[in-house]
Amino acid sequence: MKEKIVTEAIEYRRSVRVFRQDKEIDTELVRTCIKNATLAATSSNMQLWEFYHITTPDTMVKMTKACLGQNAAKTAKQLVVVVVRKDLWRKRRKSNIEFLKSVYGNKSFESYSKREKFAFNYYKKLIPTVYFDFAGILGWLKYGFFWSIGLFKPIYRQVRKSDMRIVAHKSCGLAAQNFMISMAAIGYDTCPMEGSDTLRIKSILGIPHGAEINMVIGCGIRDEKGIYGPRFRVPFKEVYYEV
Ligand SMILES: Cc1cc2nc3c(=O)[nH]c(=O)nc-3n(C[C@H](O)[C@H](O)[C@H](O)COP(=O)(O)O)c2cc1C
């Protein structure tokens, strides 16, 4: 199968609400597209995401109910749930530190170069400063502290609990788009869905309270009635500013 080039895939991708029932999709190919999702850019390379690939009929039925019976779920051949795992920040920080040691060597801190020390300190000091919180209270204290420094010089301000949720969701959104474009490149279709009962989805997937559902993506091959209308975008000049 010849893959589409990026622009062709971007143009081909539409939100498909009705998938063909007589056409299956290859689980391995979908898995490869999920691997592409994990190559998306991710804030501080923290990779605070997980991907649940739903292929079994009984889970598909449960998930359809949790997706409020939407056609894009009901007719989908498979589903992919992009899950935000901000709660795993300690584990991912550790993985990044281990990775740095594997690249720079496991030696005494003093023997690392300036750039290597910076990289270690980023994960050892900065990441906990930004991610550690206690019931959202610490986040507000940090926000006040950073805000006062910000009076005198440019400073990173996204340190509240709500800011950190946005940070994690942003990266998951990029991963979801990588996935959908990869699917489009091989002629597979998708529909991103946020219209769902996320509490029920978490219970179906058996994931903890601290996890959040970024989106559920219906997957299959487009039915001829699967795209509800022509693509609509506001004029480019309304959203584009060269500054
Ligand atoms: C985060 C997100 C959530 C969405 N949720 C739903 C949804 O629950 N149900 C649905 O049918 N479409 C959903 N969509 C699809 C949008 O309606 C669709 O992307 C938009 O209308 C533009 O159409 P296009 O994707 O075909 O270009 C969602 C899209 C995004 C990005």
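Rules and cut-offs
- Residues numbered from 1 in each chain as written.
- Predicted model: local features only at pLDDT ≥ 70, side-chain atom pairs only at ≥ 80, totals over all residues.
- Heavy atoms only, no water.
- Helix = DSSP H or I, 4+ residues; strand = E, 2+ residues; numbered from the N terminus.
- Buried < 20%, exposed > 50% of the residue type's maximum accessible area, 1.4 Å probe, protein only.
- Contact = heavy atoms within 4.5 Å.
- Areas by Shrake-Rupley, 256 points an atom, 1.4 Å probe, with all protein chains shown as cover.
- Lys, Arg positive; Asp, Glu negative; His and termini not counted.
- Charge placed at Lys NZ, Arg CZ, Asp CG, Glu CD.
- Pairing = 2+ DSSP bridges.
- Axes fitted to C-alpha atoms, helices over the stretch in contact; angles between N-to-C directions.
- 1 Å grid on protein atoms, 1.4 Å probe; cavity = no way out; pocket = protein on both sides within 12 Å on 5 of 7 lines; lining within 4 Å.
- Points joined across faces, edges and corners; volume = space filled by probe spheres on them.
- Near = heavy atom within 4 Å.
- Nonpolar A, V, L, I, M, F, W, Y, C, P; charged D, E, K, R; others polar.
- Polar contact = N/O pair within 3.5 Å; in protein donor to acceptor, adjacent residues only side chain to side chain.
- Domains from an automatic or database assignment.
- Buried area = accessible area lost by both parts, 1.4 Å probe.
- Salt bridge = Lys/Arg side-chain N within 4 Å of Asp/Glu carboxyl O.

Visitor: Any chance you could explain the overall build of the protein chain here in plain terms?
Guide: Check the secondary structure of the protein chain and you find 10 helices and 4 strands. The order of helices and strands in the protein chain, counted from the N terminus, is α-α-β-α-α-β-α-α-α-α-β-α-β-α. Each principal axis of the C-alpha distribution contributes one length, and for the protein chain these read about 60 × 45 × 40 Å. The buried share of the protein chain, taken over its 243 residues, is 41%. If you take every contact in the protein chain between residues at least 6 apart in sequence, the share linking residues at least 24 apart comes to 78%. Put simply, the protein chain shows about 14,600 Å² of open surface, and 58% of that area lies on carbon and sulfur atoms. Looking at charge distribution, the protein chain has the averaged site of its 41 positive side-chain charges lying 7 Å from that of its 23 negative ones.

Visitor: Help me understand the sheet that holds strand 1 (residues 49–54), please; the structure alone is not making it clear to me.
Guide: If you walk across this open sheet you meet the 4 strands as 1-2-4-3, and the pairing is antiparallel. Edge positions in the sheet fall to strand 1 and strand 3 (189–193), since each of these pairs with one other strand and no more. When the angles between neighbouring strand axes are averaged without regard to direction, this sheet yields 20°. Contacts between helix 3 (residues 57–66) and the sheet are confined to strand 1, strand 2 (78–84) and strand 4 (212–220), with strand 2 contributing the most and set at about 60° to the helix. Packing of helix 9 (residues 198–205) onto the sheet brings it into contact with strand 1, strand 2 and strand 4, and relative to strand 4 it is tilted by some 75°.

Visitor: What exactly am I supposed to notice about unusual backbone geometry here?
Guide: Positioned with a positive phi, Asn 45 is a non-glycine residue whose angle comes to about 50°. Take Asn 45: it is sitting in the loop between helix 2 (27–37) and strand 1. One non-glycine residue with positive phi stands out, namely Leu 68, at about 60°. Looking at the element boundaries, Leu 68 is found in the loop between helix 3 and helix 4 (71–74).

Visitor: Could you clarify how one ought to interpret empty space enclosed by the protein in this entry?
Guide: Rolled over the atoms, a probe with the dimensions of a water molecule shows which regions are left empty. Per the stated rule, a full pass over the model turns up 1 cavity of 30 Å³ or more. Computed from the structure, the largest cavity encloses a volume of approximately 40 Å³. In terms of lining, the largest cavity is formed by Thr 42, Ser 43, Met 46, Gln 47, Leu 48, Tyr 131, Val 167, Ala 168 and Ser 171. For the lining of the largest cavity, the leading source of residues is helix 8 (residues 161–185), giving 3 residues.

Visitor: Explanation requested: the site of the ligand in the structure shown.
Guide: As a structural note, the neighbourhood of the ligand is formed by Arg 13, Arg 14, Ser 15, Arg 17, Gln 70, Cys 191, Pro 192, Met 193, Glu 194, Gly 195, Arg 231 and Arg 233. Relative to its unbound accessible surface of 620 Å², the ligand loses 66% to contact with the protein. When the residues that make up the shell around the ligand are grouped by side-chain class, the tally is 3 nonpolar, 3 polar and 6 charged.

Visitor: What am I meant to see in the side chain of Arg 85 here?
Guide: Tracing the backbone through its elements, the reader meets Arg 85 in the loop between strand 2 and helix 5 (89–104). Here the side chain of Arg 85 touches Glu 50 through a polar contact of 2.9 Å, side chain to side chain. Within the local environment of Arg 85, its side chain forms a polar contact with the side chain of Asp 87, the two groups lying 2.8 Å apart. Residues contacting Arg 85, with those up to four places away along its chain left out, are Leu 48, Trp 49, Glu 50, Tyr 52, Pro 208 and Ala 211.

Visitor: I'm lost on the domain arrangement of the protein chain in this one. Help?
Guide: By convention, interface size is frequently given as the accessible area that disappears when the constituent parts associate. Each assigned domain of the protein chain is listed here: domain 1 (6–86 + 167–228) and domain 2 (88–162). For domain 1 versus domain 2, the separation of C-alpha centres amounts to 31 Å. Listed per partner, the contact involves 10 residues of domain 1 and 11 residues of domain 2. Summed over both sides, the interface between domain 1 and domain 2 buries roughly 990 Å², with carbon and sulfur atoms accounting for 50% of that surface. Remark: the boundary between domain 1 and domain 2 carries 0 salt bridges. If you look at where domain 1 meets domain 2, you find 8 residue pairs in polar contact (both at pLDDT 80 or more). Here the side of domain 1 that touches domain 2 is composed, by residue class, of 4 nonpolar, 3 polar and 3 charged.

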